[in-house]
Amino acid sequence: MAFITDRKRVTGLGAARNGTAQHWTMTVTSVALLILTPFFLAVIGPLLGSDHAEVIARLGRPIPALIVAAYLVVGMHHFRFGVQVLIEDYVKGFARKIAIILTTILSYGIAAGGLVALMQIAL
């Protein structure tokens, strides 16, 4: 009889040997988005329909800019892992590798572009 915990039993198992780490990352980013979403909506919601100067003034302050930046980074990281799981489930062969690479480039490119735009507004 082996005395082993459930976590130890699944660590390192699966075809890619990283299923537990991906699941944990998705769980952490989901909780982070759950916490960040109300703050993000409180910052962005009142700006809908506002003029350009008001948006620049609001996002030029540090706290709203940090909230938007955190939401953008965590959201794109969560998006990347979610789409990667979908690709791994439904795409086979060499196309799988290409699709994962393109999705990674796209998600981090969107995050980087958003952060650069936000820094130009905030600074």
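This is a predicted model, so every value here is computed, not measured. (Residues numbered from 1 in each chain as written. Predicted model: local features only at pLDDT ≥ 70, side-chain atom pairs only at ≥ 80, totals over all residues. Heavy atoms only, no water.)

Here we take up the overall build of the protein chain. The helix and strand tally for the protein chain stands at five helices and zero strands. Burial status across the protein chain gives 21% buried among its 123 residues. The long-range fraction of contacts in the protein chain, counting pairs at least 24 apart against all pairs at least 6 apart in sequence, stands at 69%. Accessible surface computed for the protein chain: about 8,500 Å², of which carbon and sulfur atoms make up 73%. (Helix = DSSP H or I, 4+ residues; strand = E, 2+ residues; numbered from the N terminus. Buried < 20%, exposed > 50% of the residue type's maximum accessible area, 1.4 Å probe, protein only. Contact = heavy atoms within 4.5 Å. Areas by Shrake-Rupley, 256 points an atom, 1.4 Å probe, with all protein chains shown as cover.)

How two aromatic rings sit relative to each other is given by the distance of their centres and the angle of their planes. All chains considered together, the criterion is met by one aromatic pair. For the pair F40 and Y71, a centre-to-centre distance of 4.1 Å together with 10° between the ring planes defines the contact as stacked. Taken together, the residues F40 in helix α2 (residues 19-44) and Y71 in helix α4 (residues 62-90) connect sequence positions 31 residues apart. When its relative accessible area of 24% is taken as the criterion, Y71 is described as partly exposed. Positioned over the ring face of F81 is R80, at 4.3 Å from the centre of the ring. (Phe/Tyr/Trp six-rings, centres within 6.5 Å; stacked < 30°, edge-to-face > 60°. Lys NZ or Arg CZ within 6 Å of the ring centre and 35° of its normal.)

Take the environment of V28 next. One can find V28 in helix α2. Given the relative accessible area of 42%, V28 is considered partly exposed. Taking the C-alpha atoms as reference points, V28 and V74, 46 residues apart in sequence, are found 9.7 Å from one another.

Remember that the coordinates give geometry; whether it matters functionally is a separate question.
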